[in-house]
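Now for the letters of each chain:
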Amino acid sequence: MSEEFEIKNKVASSGLVNFDITDLVPKGVRKGIDLKDFLYMEMILKEKDFREKVAAINCDEYADSYVYIYNSADAIVPLWAYFLITAKITDVTKKVIFGSREDLEVILMHNAIQTHDFDELKGKRVLVKGCSDKEIPENAYIELVEQLKPVVKSLMFGEACSNVPIFKN
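A brief report on the enclosed structure follows.

**Considerations on the pattern of salt bridges**
- Within the structure shown, the criterion is met by six salt bridges.
- For the salt bridge of arginine 30 with glutamate 105, the shortest nitrogen-to-oxygen distance reads 2.8 Å. With a gap of 75 residues between them, arginine 30 in strand E2 (residues 29–34) and glutamate 105 in helix H4 (residues 101–115) connect regions that are remote in the sequence. By the burial criterion, arginine 30 is buried, and glutamate 105 matches it.
- The salt bridge partner of arginine 51 is glutamate 47, with a shortest N-O separation of 2.9 Å. Of this pair, arginine 51 and glutamate 47 both sit in helix H2 (residues 47–55), four residues apart, which is roughly one turn of the helix.
- If you follow the salt bridges from partner to partner, you end up with Arg30, Arg101 and Glu105 in one network.

**Comments concerning the sheet that holds strand E4 (residues 95–98)**
- Taken in spatial order, the three strands of this open sheet run E2-E3-E4, and their pairing is parallel. Of all the strands in the sheet, the pair left with one neighbour each is E2 and E4. For this sheet the average axis-to-axis angle between neighbouring strands, irrespective of direction, equals 20°.
- Examined bridge by bridge, strand E3 (residues 65–70) and E4 share four bridges and lie parallel to one another. Of the residues in E4, the one forming a bridge with valine 67 is valine 96.

**Observations concerning the sheet that holds strand E7 (residues 162–168)**
- Taken in spatial order, the four strands line up as E1-E5-E6-E7 in an open sheet, and their pairing is mixed. Two strands lie at the open edges of the sheet, namely strand E1 (16–19) and E7, each paired on one side alone. Each strand axis lies, on average, 25° off the axis of its neighbour in the sheet, ignoring direction.
- Pairing geometry for strand E5 (residues 125–129) and strand E6 (residues 154–159), over five bridges, is parallel. Residue pairing in the sheet places valine 126 in a bridge with leucine 155 of E6.

Rules used in this analysis
Residues numbered from 1 in each chain as written. Predicted model: local features only at pLDDT ≥ 70, side-chain atom pairs only at ≥ 80, totals over all residues. Heavy atoms only, no water. Salt bridge = Lys/Arg side-chain N within 4 Å of Asp/Glu carboxyl O. Helix = DSSP H or I, 4+ residues; strand = E, 2+ residues; numbered from the N terminus. Buried < 20%, exposed > 50% of the residue type's maximum accessible area, 1.4 Å probe, protein only. Pairing = 2+ DSSP bridges. Axes fitted to C-alpha atoms, helices over the stretch in contact; angles between N-to-C directions.

Keep in mind these numbers describe shape, not what the thing actually does.
Dropping the structure here:
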């Protein structure tokens, strides 16, 4: 085949580095604990009953998991209740937060982005992958730009065949 008809991969030779943010998503099981299950009639916190239910938690059920504690009941729960549950399971979990599953994902991605070493991207042209099979919190993309802006030569978003330029240094 002559050189004039040779197929060239312009993306591969462009020096563009693909960055998939899903690689930063911490691996592990996510589990929720609903405080209503610890309340009398799912409405009232009786300290003695609450403490008994917390003591009965099987910590193995939460081993190596990311846990979010939430309250789906229309009940006022004192802060020390969250302390008790957290103290019970924190030795076996990877992380415990108060909030929804979405809140947990935001916090996990924040921690992952803040602790990731982006030095391998220093001075490079970076394309952040746009499509993913995992749900990524929007805030993660904002934090990613904050981390990459002082490091990379240029940043784009999308796919190699159709990307959106974000900035050039």
